[in-house]
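Spelled out from the first residue to the last, the chains are:
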Amino acid sequence: MPETNIFTTIGLEHYLVLSAVIFSMGMAGVLLRRNLIVLLMSVELMLNAVNISFVAFSKYNNNIEGQIMVFFVMTIAAAEAAVGLALAVSIFKRFKEVNIRFFEHLKG
Amino acid sequence: MSHEALIAILLLSPLVGFILNGVRFRSSNYILAGSIATGAVFVSFICSVMLMIDLINAPVDQRRLAANFFEWIAVGGFKVNAGFVVDQISSIMILIITGVGSLIHLFSIGYMHHDKGVTKYFAYLNLFIFNMLILVLGDSLLTMFVGWEGVGLCSYLLIGFWFSDSAKAAAGMKAFITNRIGDAAFIIGMFILFFSFGTLNMFELNALAPTTVEASWMGAATLGTLMLFIGATGKSAQVPLYVWLPDAMAGPTPVSALIHAATMVTAGVYMIVRLNPMFVAAPNTMMVIAIVGAVTAVMAATIGLTQFDIKKVLAYSTVSQLGYMFLAVGVGAFGAGMMHLMTHAFFKALMFLGSGSVIHAMHEEQDIRKMGGLKKYLPITHFTFLMGWLAIIGFPLFSGFFSKDEILWQAYASPRGSVFLWIAGVAGALLTAFYMTRLMALTFWGGSRVPKSVHPHESPAIMTIPLIILAILSVIGGFIGVPHVIGEYLGHIPNYWADWLDPLIRKLPETGAPHTAAEEWGLMATSVSLALISAFTAYRIYTNNKGTNEQIAKAFGPVYNFVNNKYFVDEAYFAGIINPLVKQSQNLWMYIDVNFIDKTTHVISDMTKGAGSLARSFQTGNMQQYAMYIGLGVVVVLTFVLMR
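As the structure is a prediction and not an experimental result, all values here were calculated from the model. (Residues numbered from 1 in each chain as written. Chains lettered and ligands numbered in written order. Predicted model: local features only at pLDDT ≥ 70, side-chain atom pairs only at ≥ 80, totals over all residues.)

### Notes on the overall build of chain B
Thinking step 1. The helix and strand inventory of chain B stands at 26 helices and two strands.
Thinking step 2. Over its C-alpha atoms, taken along the principal directions, chain B stretches across nearly 125 × 65 × 55 Å.
Thinking step 3. A buried classification covers 52% of the 644 residues belonging to chain B.
Thinking step 4. The long-range share in chain B, meaning contacts at least 24 apart out of those at least 6 apart in sequence, stands at 81%. (Helix = DSSP H or I, 4+ residues; strand = E, 2+ residues; numbered from the N terminus. Buried ≥ 20, exposed ≤ 12 C-beta atoms within 10 Å, placed from the backbone. Contact = placed C-beta atoms within 7 Å.)

### A word on the overall build of chain A
Thinking step 1. If you tally the helices and strands in chain A, you get four helices and zero strands.
Thinking step 2. Counting every position in chain A, which comprises 108 residues, the buried fraction comes to 12%.
Thinking step 3. Considering only residue pairs separated by 6 or more positions, chain A has 49% of its internal contacts joining residues 24 or more positions apart.

### Remarks on the interface of chain B and chain A
Thinking step 1. The interface of chain B with chain A comprises seven residues on the first partner and eight residues on the second.
Thinking step 2. Within the side of chain B that touches chain A, the residues separate by chemical class into three nonpolar, four polar and no charged. (Nonpolar A, V, L, I, M, F, W, Y, C, P; charged D, E, K, R; others polar.)

### A short note on helix H14 (residues 310-330) of chain B
Residues and elements named next belong to chain B.
Thinking step 1. Counted at 1.5 Å a residue, the expected span for H14 with its 21 residues is 30 Å, and the 30 Å between its end C-alpha atoms agrees.
Thinking step 2. The buried fraction of H14 amounts to 21 of the 21 residues, a majority that puts the element mostly inside the structure.
Thinking step 3. Trailing H14 by a residue or two, Gly332 shows a phi angle of about 90 degrees, which is positive. (Expected span 1.5 Å × (residues − 1).)

### Considerations on the confidence of the model for chain B
Thinking step 1. Taken over all residues, the pLDDT of chain B has a mean of 90, while the share at 70 or more is 99%.
Thinking step 2. Complex prediction metrics read pTM 0.81 and ipTM 0.71. (pLDDT = per-residue confidence, 0-100.)

### A closer look at unusual backbone geometry
As a rule of thumb, non-glycine residues mostly have phi less than zero, and peptide bonds are mostly trans rather than cis.
All names here are of chain B.
Thinking step 1. That bond from Val239 to Pro240 is cis: its omega, 5 degrees, falls within 30 degrees of zero.
Thinking step 2. With respect to the secondary-structure elements, Pro240 resides in the loop between helix H8 (220-235) and helix H9 (244-247).
Thinking step 3. Even without glycine at this site, Glu364 takes up a positive phi of about 65 degrees.
Thinking step 4. Unlike most non-glycine residues, Leu397 shows phi in positive territory, near 75 degrees.
Thinking step 5. According to the C-beta neighbour criterion, Leu397 is partly exposed, with 14 such atoms within 10 Å.

### Focus on the packing of helix H2 (residues 12-32) of chain A against helix H3 (residues 36-61) of chain A
Residue and element names in this part refer to chain A.
Thinking step 1. Where H2 meets H3, the closest approach of the two axes is 8 Å, and the angle between their N-to-C directions is 165 degrees. Taken together, the axes of H2 and H3 are roughly antiparallel relative to one another. For H2 against H3, the interelement crossing comes out left-handed.
Thinking step 2. Its residues placed into classes, the contact of H2 with H3 shows 19 nonpolar, six polar and no charged. (Axes fitted to C-alpha atoms, helices over the stretch in contact; angles between N-to-C directions. Parallel < 35°, antiparallel > 145°, perpendicular 65-115°, else oblique. Left-handed = near helix turned anticlockwise from the far one by under 90°.)

### Things to note about the nonpolar core
Thinking step 1. Within the largest apolar cluster, 209 residues are counted, with the highest numbers of intra-cluster contacts made by Leu133, Leu327, Val329 and Ala349 of chain B.
Thinking step 2. By size, the runner-up hydrophobic cluster in this structure holds seven residues, among which are Val30, Leu39, Leu40 and Met46 of chain A. (Core = buried A, V, L, I, M, F, W, Y, C linked by C-beta atoms within 7 Å.)

### Side note on the environment of Leu47 of chain A
All names here are of chain A.
Thinking step 1. Among the structural elements, Leu47 can be located in helix H3.
Thinking step 2. Sequence separation of Leu47 and Phe23 is 24 residues, and the distance between their C-alpha atoms is 7.7 Å.
Thinking step 3. Here Leu47 is in contact with Val73 and Ala77, once residues within four sequence places are set aside.

### Focus on the packing of helix H15 (residues 334-361) of chain B against helix H17 (residues 399-413) of chain B
Residues and elements named next belong to chain B.
Thinking step 1. Running from N to C, H15 and H17 cross one another at 150 degrees; their axes reach a closest spacing of 9 Å. By the angle class used here, H15 and H17 are roughly antiparallel. Every pair of crossing elements has a handedness; the one defined by H15 and H17 is left-handed. Packed against H15, whose contacting residues are Ala336, Met339, His340, Thr343, Phe346 and Phe347, the element H17 presents Ser399, Gly400, Ser403, Lys404, Glu406, Ile407 and Gln410 at the interface.
Thinking step 2. Tallied by class, residues from the contact of H15 with H17 come to five nonpolar, six polar and two charged.

### Considering the pairing of strand S2 (residues 78-87) of chain B
Residues and elements named next belong to chain B.
Thinking step 1. Where strand S1 (residues 64-75) meets S2, nine bridges bridge the pair, whose relative direction is antiparallel. Residue pairing for S2: Val75 is matched across the bridge by Phe78.
Thinking step 2. The antiparallel pairing of S1 with S2 creates a hairpin that spans two residues between the two strands, and Gly76 there sits at a positive phi of about 60 degrees. (Pairing = 2+ DSSP bridges.)

### Regarding H2 of chain A
The α-helix winds at 3.6 residues per turn, so residues separated by three or four positions along the chain end up facing the same way.
Thinking step 1. Look at H2 of chain A: 30 Å from first C-alpha to last across 21 residues, which is about the 30 Å you get at 1.5 Å a residue.
Thinking step 2. Taken together, the buried positions of H2 of chain A are Ser19, Gly26, Met27 and Val30 of chain A. Relative to the axis of H2 of chain A, the buried residues are bounded by an arc of 100 degrees and lie together on one face. Of the residues in H2 of chain A, the exposed ones pointing more than 90 degrees away from the buried face are Glu13, His14, Val17, Val21 and Leu32 of chain A.
Thinking step 3. For H2 of chain A, the elements touching its buried residues are H3 of chain A together with helix H26 (623-643) of chain B. (Arc of directions from axis to C-beta.)

### Quick notes on the environment of Met338 of chain B
Residues and elements named next belong to chain B.
Thinking step 1. When you line up the elements, Met338 lands in helix H15.
Thinking step 2. Linking Met338 and Ala498, residues 160 residues apart in sequence, is a C-alpha distance of 10.0 Å.
Thinking step 3. If we ignore the near neighbours within four places in the chain, the residues touching Met338 are Ile89, Ile92, Val273 and Leu501.

### Digging into the environment of Ala209 of chain B
All names here are of chain B.
Thinking step 1. By secondary structure assignment, the location of Ala209 is in the loop between helix H7 (202-208) and H8.
Thinking step 2. Taking the C-alpha atoms as reference, Ala209 lies 43 Å from Ser534; in sequence the two are 325 residues apart.
Thinking step 3. Apart from the residues lying within four places of it in its own chain, the contact partners of Ala209 are Ala221, Pro277, Met278 and Ala281.

Take a look at the structure:
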């Protein structure tokens, strides 16, 4: 039985395609959706798409730095989610809705 | 008391009066305000008298009491102290200022009692006295200039005292602006003197003055003194800057007496006497001064012939008499100039206050055509005015006679004099006698032309007492300076005045043969008899003669009109200087400021604003739009990177 290495049968381009697809979904979500919660989720999607490509590159180049970078991205994603949700809560308290257009009130 | 303390009290007393009245300027309590102000000036007068006594008791070479309060400016080699000096010249001035000033303050209590701004009025008067004292006591040109500007300010404030009348406010501004032209020249004169001699201290300047006369027009002494003299023409109302003084009569009458007759307008004469060694070194300047003085004396006197406002007549008379003083200092007769300054202060203050009494009696009427026969209603005013009249026309043995006669004699006999200056002086004396007699006749003598609705009444004692004191001074004031020829004849009366001033006056270099006493008697007789004939003619014409003015106007035709309109000098200034200046300023404003500078800045600001609003249109606040810009940016950059 030939050795089936998942990383040889599924090539780098598969990962990159997956990453690109998820990234585009996330980006479309950020650009088009109006709900702040959905927006935050879409940002998460984009970050995770990047993480996938980091890990894939790391494996294929035998370079650990890509995987280290993923931890940073996850940390930042957590921080960003905390701030974003706090904003969402305060927006909700003020307007009883979490629509992105209320952020326009922050305009000077 | 030490003389420093005396000088300090002398200076500060009016300032304290100004502050006391100034802080309660809304009050209309005329007795309190008047008492404070008069008291303040009277304290100064006492100090002046005490200083004068000290000065007389001192030996001749130590007659100089200095008080150096503090160092005012010290920049490199340029040092000015707040130093004040009482010497032979300034002691006379402070006596006149505080003495006549006290009397005029006293008179004002009666004259201004119905005015709502009476406290403010007295505050201004005290401020004026303070500045005038700084002017005459300051030991450097710069300290003098502080007072010089200060009296100008007070003059402006008091001319425009009734500023709700726009004509009076305009008269104040006219005085201020005209004076400013002179002041600019005064400053230039200070620059020149400092540049050439390295000091502004007047005593040092006098010591440094060249002992040989300067023949050139461009020498430092000539140019510097000429500029100072232009400053004096502004302050002392000489041709060509005299136009403000007649208009200054818009102020309250005691102000005219104090500022525009007795004290401030004589500042120019004082300044020249103070710096006489410098002026003696500049014969060209002296010539200009003498000619300007003579021209002013005659020209103002002719205008005085045709005026009908009692104060305007006196104003032109003042300009004319100031011309005499400048004629005197211009021919080097500094003592005679100072003497006339003093006697003029007495009799002109007297006549202005007398006119104030008349105006008060006539319920603010100033037109002498509506007066006449006031003698029986105003006996005291009439009698004192009569004394002033005798003094100004130079009736023998009255004060004006001695001073004016000395000036006329010096105009002829001085090494810098000439027979033409004498003729101009006599012509002025003739005209003076005529217009003053005309004023007396139209106001006090002849039939009454007073409207039925007006009931003239004599003024209260508070107004007549100053008149009486000034009348006494006008009569006897001349005896301290009796010319030598008359003194010898009257029993060896020495000329105290000339002896007193002698140490500070630089002698003119003598030329030619000395003049004889016979010459002096002859010229004196000529001028006095001409003046008396002229006065008698005026008396005959104007007393009991209705319709005279029309007849005279008709007889002289266009000449009368020309003189009556003051030679159209104001109109000429407007046509020649003011209107072109305004026009050019408007053009500059229109073409340079509005159309160029403003437009340029507007274009720049519009561009900035346009760029700003363009950038602003991207800043919608819509975060998704921002995200899209980021996305588009990434696409563009990636495209660029990949396609390269």
